[in-house]
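# Architecture at a glance
If you want the building blocks of each chain, they are given just below.
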Amino acid sequence: MQDDFERIAALRKELEEANKQYYELDQPRITDGEYDALMRELLALEAKHPDSVAPDSPTQRVGGAVAKEYTKVRHLEPLLSLDNAFDAGDLREFDRRVRQVFAEVEYVVELKIDGLTVALTYVDGLMVRGATRGDGSVGEEITANVKTVGSIPLRLNKPVAKLSVRGEGYMPKASFARLNQEREEEGLSTFANPRNAAAGSLRQLNSRITAERKLDYFAYQLLSANELGLNNQIDVLNYLKEQGFVVNPEYKVFHDIEEVIKYCEEMAGERHRFPYDIDGLVIKVNDFDLQQELGFTAKSPRWAISYKFPAEQVETVVEDIILRVGRTGVLTPTAVLQAVPVAGSTVSRATLHNLDNIREKDIRIGDHVLIHKAGDVIPEVIRVLPEKRSGEERFFEMPELCPECQSPVLREEGEAAYRCQSISCPAQQREGIIHFVSRDAMAIDGLGPAVIQQLLDADLIKDAADLYALSFEDLVPLERMGQKSAENLLKAIADSKERGLAPLIFALGIRHTGVKAGKILAQTFGSMEKLQGAGLEELLAIPDIGPGMAESLVQFFGMESTERFLAKLQEAGVKMTADISARPQIFAGKSIVVTGSLERWERREIETLIEERGGKAASSVSKKTAFVVAGEKAGSKLVKAQDLGIAVLTEEEFELMLKDES
Ligand SMILES: NC(=O)c1ccc[n+]([C@@H]2O[C@H](COP(=O)([O-])OP(=O)(O)OC[C@H]3O[C@@H](n4cnc5c(N)ncnc54)[C@H](O)[C@@H]3O)[C@@H](O)[C@H]2O)c1
Ligand SMILES: [Zn+2]
């Protein structure tokens, strides 16, 4: 007996620690499957000893604590978790409980998107607040970050006095894979899955970072839906669509739990076909009167349950550990695995991230391991099965020399990554070209890593600028390159010359300089030449350009190799200026004053928005001022504008003017 209580205490401690890692730090240490198993064990023990259930047990509480950096938001109605069903038996049990109250019931089954709940508040049709779930009653205010998510409407199609919407903020699989790859390149820690990546991106003090991470949103719930004359979940989904929200289209209605079970099992096999990670399905009672009658427990609604797909973990053997040298010289250890099917494809490689991770998990060459796909896309070793060791396993050591160019390899202060120190490392050059042609950079279709390798091997190119000198005759003899694909490739290369300054800056692969930074630099300087000439101080004066980025820019543009490379691009006719005047000139000849502290933009940014559109960002209010954009705590300028009868706009209203541009 005593044993049970000790175990209960140990499980609570372990789950609380996992909650903290997961909800507060966005860096879980155990898998969801492991977490769910511990939770089930605790639930079973607590059911056996009902008197032991304390209100603060992890079985009774939602989520984690609210981090102190954020403004707290009290939710109108608590945001709850969902009970889990792991098999047909659990679903039948749920159905039995529902039918104890109602003989007839309609279920709506939706995909369970693996993201985080985001609560949105609209007042008079405008989005005024975004918040996380937090501990269910109190969440974190993340309005500025939420505004950077494209699929969240800032204005409702049909304004109403007040609307509280809930839904899932998530990161698509492709963005997740790209983000982790970039972070690995930069020697930063990677996210365990898209949910934690989405949470880490939305729970950010700097909304610029949120904007860089491609996030999306599916709306699925409304508070006070009854007041809008909506009677069930299907009505709500339709209403949300009408209001401009993105609703996941995959929902289905059933009347019989056996049909639901069949659908769940079917979807478990199809879970990989979506561009976002799903970890199960959510089964909801459709009718709101029924929902209300069924009510809630402390932690979850009684009218819904989530069916969790079985975790897809597979055992295999680490045959070898090899190193991949990235664009910035980071050596990423990769496990060569005995090929096994995992989550819809055959896996024979898994990233091991870095040496620390290998040591922490004690992964040795020859080990039997459990693997899965993080976020349904990135193969990863979860843990070693030490009981299967034969004693023949070998430790992995980082080499002192780069495996591709034999230059010294060093670990920099404070970084987990080891880097090849040579700038002429062929691997770095190859990866640099792969980056140069990638989608957010010069976007040259048909130029995959294999073709790039062929071009390098045939000595047709040495760097990305050489691509512009390729001819039809160069390409056609290449293996697997038909006439048609050679023509298409040449056209894609030629087209990329017009991509413009912002993607070009990103394409250069300067450390710490992402897509968004490319845009800011392009807008600020207008031409590559001006950017090249910018000094440290000038760069540091730009909002959003931190010291790390400024330094690497100065260093990059100070190199002779950079100068040669840029000269080659210029000669090839690659466009090196930004179309600053490409915007419709809606503010032409207007003098506009910005005052107070803004939420949506940095001061320099909004001034750029005005200038790009032909306006003048003036510093003082006069009779000639066309209008004033006022943020929080606007002072004398606001008073003066009011005295002179000059229009004062909120940030939202200003943004709407930009939206109306065609
Ligand atoms: N690995 C770890 O260390 C660790 C730690 C804590 C929690 N977890 C994971 O988190 C789970 C618990 O998290 P939880 O409380 O958020 O519950 P949950 O994720 O199992 O389910 C509730 C959530 O589902 C989401 N959701 C997605 N699509 C939805 C839809 N169509 N309708 C309604 N809701 C939808 C909502 O955000 C809702 O809050 C655990 O089961 C475990 O998998 C893991
Ligand atoms: Zn090297």
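Worth saying up front: this structure is predicted, and the values here are computed from it rather than measured.

Bringing the UniProt feature "active site" (unreviewed entry) in the chain into the picture now. Within this structure's numbering, the places UniProt gives as "active site" (unreviewed entry) are Lys 112. By secondary structure assignment, the location of Lys 112 is in strand 3 (residues 107-113). Lys 112 gets classed as buried once you count the C-beta atoms within 10 Å, which come to 22. Other than its neighbours up to four places away in sequence, Lys 112 contacts Ile 278, Asp 279, Gly 280, Leu 281, Val 282 and Ser 306.

So, on to the sheet that holds strand 2 (residues 84-85). Overall, mixed pairing links the 5 strands, which are arranged 2-11-10-3-9 in an open sheet. Each edge of the open sheet carries a strand with a single partner, namely strand 2 and strand 9 (252-254). Summarising the sheet, strand 10 (residues 278-285) and strand 11 (residues 304-308) pair through 5 bridges and their orientation is antiparallel. Its bridge partner lying in strand 11, Lys 284 is registered against Ala 304.

Contact geometry for helix 3 (residues 88-101) and helix 9 (residues 257-270): axes closest at 10 Å, N-to-C directions at 150 degrees. As summarised for this structure, helix 3 and helix 9 are arranged roughly antiparallel, according to the angle between their axes. Handedness of the helix 3/helix 9 crossing: right-handed. When helix 3 is examined against helix 9, the residues Ala 88, Leu 91, Arg 92 and Asp 95 are found in contact with a partner set consisting of Ile 257, Val 260, Ile 261 and Cys 264.

As a general feature of sheets, a regular strand has side chains that alternate between the two faces. In terms of strand pairing, strand 13 (residues 331-342) meets strand 14 (residues 345-351) through 6 bridges, oriented antiparallel. Bridging from a neighbouring strand, Thr 334 pairs with Thr 351 of strand 14. Linking two consecutive strands that pair antiparallel, namely strand 13 and strand 14, is a turn of 2 residues; a positive phi of about 40 degrees is found at Ala 343 within it.

Let's shift gears to the confidence of the model for the chain. Caution applies to low-pLDDT regions: their predicted coordinates should not be interpreted in detail. Per-chain confidence: the chain averages 92 in pLDDT, with 99% of residues scoring 70 or above. Confidence metrics for the complex model read pTM 0.75 and ipTM 0.96.

Our focus in this paragraph is the nonpolar core. Counting 61 residues, the largest nonpolar core has Leu 91, Leu 120, Ala 198, Leu 240, Val 260 and Ile 283 as the members making the most contacts within it. Not counting the four nearest positions on each side in its chain, Leu 240 is found in contact with Val 165, Ala 219, Leu 222, Phe 245 and Val 247. Among the nonpolar cores identified, the runner-up in size contains 43 residues, and Ile 520, Leu 539, Leu 566 and Leu 569 belong to it.

Taken together, 24 residues surround ligand 1, and among them Tyr 22, Pro 28, Asp 32, Ser 81 and Thr 117 come closest. At the level of secondary structure, the elements contributing two or more residues to the shell around ligand 1 comprise helix 1 (2-24), helix 2 (32-48), strand 3 and strand 4 (116-123). If one sorts the elements of the shell around ligand 1 by residue count, helix 1 sits on top with 4 residues. Its residues assigned to classes, the shell around ligand 1 comprises 11 nonpolar, 7 polar and 6 charged. Of the residues that make up the shell around ligand 1, three or more belong to each of domain 1 (2-52) and domain 2 (72-180 + 188-308).

Where interface size is quoted, it is often the accessible area lost as the parts come together. Taken domain by domain, the chain comprises domain 1 (2-52), domain 2 (72-180 + 188-308), domain 3 (314-405), domain 4 (426-572) and domain 5 (583-659). Distance from the C-alpha centre of domain 3 to the C-alpha centre of domain 4: 31 Å. On the side of domain 4, 8 residues touch domain 3, which itself brings 7 residues to the contact. Partitioned by chemical class, the residues of the side of domain 3 that touches domain 4 number 2 nonpolar, 3 polar and 2 charged.

One open sheet accounts for 4 strands, arranged 20-19-21-22; its pairing is parallel. A strand with exactly one partner marks an edge of an open sheet, and here the two such strands are strand 20 (616-618) and strand 22 (647-649). Taken pair by pair, the neighbouring strands of this sheet meet at an average axis angle of 35 degrees, ignoring direction. Where strand 19 (residues 591-595) meets strand 21 (residues 625-630), 5 bridges bridge the pair, whose relative direction is parallel. Counted as the bridge partner of Thr 595 is Ala 630 from strand 21. Where helix 22 (residues 603-612) meets the sheet, its contacts fall on strand 19, strand 20 and strand 21, and the angle it forms with strand 19 comes to roughly 165 degrees. In this fold helix 23 (residues 636-644) packs onto strand 19, strand 21 and strand 22, with an angle of close to 140 degrees to the strand it touches most, strand 21.

Cut-offs and rules
Residue indices begin from 1 for each chain and proceed along its sequence in written order. Chain A is the first chain written and ligand 1 is the first ligand written, with later ones labelled in order. Restriction of local features to residues with pLDDT of at least 70 applies here, the model being predicted, together with a cutoff of 80 or more for giving and counting side-chain atom pairs; totals for whole chains, interfaces and linings are based on all residues. UniProt positions are given in the numbering used here, feature names are shortened, and annotations may be inferred rather than shown by experiment. Secondary structure elements are defined from DSSP: runs of H or I of at least 4 residues count as helices, runs of E of at least 2 residues count as strands, and each element is numbered from the N terminus. Any residue whose C-beta has 12 or fewer other C-beta atoms within 10 Å is treated as exposed, any with 20 or more as buried, and any in between as partly exposed, C-beta atoms being built from the backbone. Remark: residues whose backbone-derived C-beta atoms lie within 7 Å of one another are considered to be in contact. At least two bridges found by DSSP between two strands are what make those strands a pair. Orientation is described by axes fitted as lines to C-alpha atoms, over the contacting stretch for helices, and by angles from 0 to 180 degrees between their N-to-C directions. Any angle that is under 35 degrees is reported as roughly parallel, and any over 145 degrees as roughly antiparallel; angles of 65 to 115 degrees are reported as roughly perpendicular and all others as oblique. The sense of a crossing depends on the near helix, which, turned anticlockwise from the far helix by less than a right angle, makes the crossing left-handed and, turned clockwise, makes it right-handed. The score called pLDDT rates the predictor's confidence residue by residue, from a low of 0 to a high of 100. Joining buried Ala, Val, Leu, Ile, Met, Phe, Trp, Tyr and Cys residues through C-beta atoms within 7 Å gives a set, and that set is a nonpolar core. Defining nearness, a residue is near a molecule or strand when the C-beta atom obtained from its backbone falls within 6 Å of it. Think of it as three bins: nonpolar holds Ala, Val, Leu, Ile, Met, Phe, Trp, Tyr, Cys and Pro, charged holds Asp, Glu, Lys and Arg, and polar takes everything else, Gly as well. Start and end points for every domain follow an automatic or database-based domain assignment.

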